[in-house]
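What follows is each chain in one-letter form.
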Amino acid sequence: MTEVSLAKIIEAVIPQLYLNENNNTFDWGKKVSLNLNGMAIEYITYTTGGRGGHVGEIINYIEAESRGFCALNLFSFEMEKDYVERAIATKWLEIVTGMSQLDWQKALDCIQQLQKRTYENLPIVKNIIIDFDGAGNVALSDPSQLKLFDMMGGSNYVYFLADKELNVIAYKSIDWHETTDKTTYSSTPNFLQPFISALDDRKVAIALTHSGDIIIYKETGMVLSIRKGHAVIYENSFVKNLYKEIIECTNYNVQCNLFDISWDLAYRRHGALIIVVRDAEYEKHIMNKESILSHEQAKGIRKELVDSIKQISLKERSRIKNRSAFLELASIDGAIVIDGSEGAINAFGAIIETADAVSGSGGARTAAAKSAISYEKMIPIKISSDGDI
């Protein structure tokens, strides 16, 4: 594996690092240099990123292991890539949870075995909370028990409590009164909030979703996802601050709530396009004026429900008012337009005028997002139907 190939894997696994292959000059962020097998590789990160905290620890690990990574010769780049991704992912999990890298290797092996199973042609879904201080006797991977385990621990409020080796300690459910609202901005999708209510600093949770995604999360937010077989690590505060820096000149609570709700949209797998605007100038770039709630051409259900829709707000601190309604409106074809100062919905199902400089490739949502970038005071957040933000 070459140093450049390793650098590209790192870029994919650590989302706040952007590989600067051509040594370009940027008007945002700052440069971070990694020493990969003796070669200096330059990345761009945002102002609050860099080599601090846990991210600094994983970067130090990658640099220390880079010689071995580059020496890999498995006669398959995909196998080499999987090896490096798994090594970085499990080391990251060790850093942020305290559970050993070896234990995480075993845990991911078990979850990925379950990921391949089906029950009556439906994918297996699992909710698991690992108690670092507990001890169980029957392994979740026990072949003699799999037919029973397949349909257990997969409902919205039901989970397995397991030890670090994924031996079952208990089979539990969470009552409505035990579920608490989010107290801070979080990267964990809201459908996992009941299980967050059962976590503390000696527990970590694993979710295997209907779509086959693997999410590993703590009380404070998501720390790792594995989607389509590829791992991505997350430092909650770093990614939140990325939203804060990109969506500039808007209300702080709106910026952070957009960070929060983007994860819900990503794991719904419907795709969405959020356009954050700073003034009414955006209206001239909306092709279907009837999608604008306050416009004289507004009609039908938009006109009838304007008062209800105006109740949806991203302005409150650590709380998205009428979150579920927002998610539905964002999933409608077209863009949902948000006032960057007030956090209110200005339009939904909006068709963005295609800019002259935007080519026709990449799909309608991509073209709309690129067009929004080219117009002043419009900031797009594009979530693909595959879940990429």
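Above this text is the structure in question.
Heads up: these notes are all about the structure in this document.

Moving on: the environment of Q145. Inspection of the secondary structure assignment puts Q145 in the loop between β7 (138-139) and α5 (146-149). Overall, Q145 belongs to the partly exposed group, its relative accessible area being 25%.

What follows deals with helix α12 (residues 364-374). When α12 is considered as a whole, its buried residues turn out to be T366, A367, A368, A369, S371 and A372. Of the surrounding elements, those touching the buried residues of α12 are β14 (272-277) and β17 (378-383).

In this section: the sheet that holds strand β3 (residues 39-45). Spatially, β1-β3-β2 is the arrangement adopted by the 3 strands of the open sheet, whose pairing is antiparallel. Among the strands making up the open sheet, the edge pair consists of β1 (18-19) and β2 (30-36).

What follows is about the pattern of salt bridges. Taken as a whole, this structure holds 15 salt bridges when the rule is applied. The shortest N-O distance in the salt bridge between D279 and K377 comes to 3.0 Å. Linking D279 in the loop between β14 and α9 (300-304) with K377 in the loop between α12 and β17, this pair joins segments that are 98 residues apart in sequence. Residue D279 is classed as partly exposed on the basis of its relative accessible area, which comes to 25%. Counted as one network, the salt bridges with shared partners bring together D213, R227 and R269.

With that settled, the discussion passes to the packing of helix α1 (residues 3-13) against helix α3 (residues 77-97). Contact geometry of α1 with α3 gives a least axis separation of 10 Å together with a crossing angle of 50 degrees. As judged from the angle between their axes, α1 and α3 are oblique. The handedness of the crossing between α1 and α3 is right-handed. Between α1 and α3, the residues in contact are S5, L6, I9, I10 and V13 and F77, K81, V84, E85 and I88, respectively.

Basis of the calculations
Residues numbered from 1 in each chain as written. Predicted model: local features only at pLDDT ≥ 70, side-chain atom pairs only at ≥ 80, totals over all residues. Heavy atoms only, no water. Helix = DSSP H or I, 4+ residues; strand = E, 2+ residues; numbered from the N terminus. Buried < 20%, exposed > 50% of the residue type's maximum accessible area, 1.4 Å probe, protein only. Contact = heavy atoms within 4.5 Å. Pairing = 2+ DSSP bridges. Salt bridge = Lys/Arg side-chain N within 4 Å of Asp/Glu carboxyl O. Axes fitted to C-alpha atoms, helices over the stretch in contact; angles between N-to-C directions. Parallel < 35°, antiparallel > 145°, perpendicular 65-115°, else oblique. Left-handed = near helix turned anticlockwise from the far one by under 90°.

By themselves, these observations are geometric and do not establish any function.
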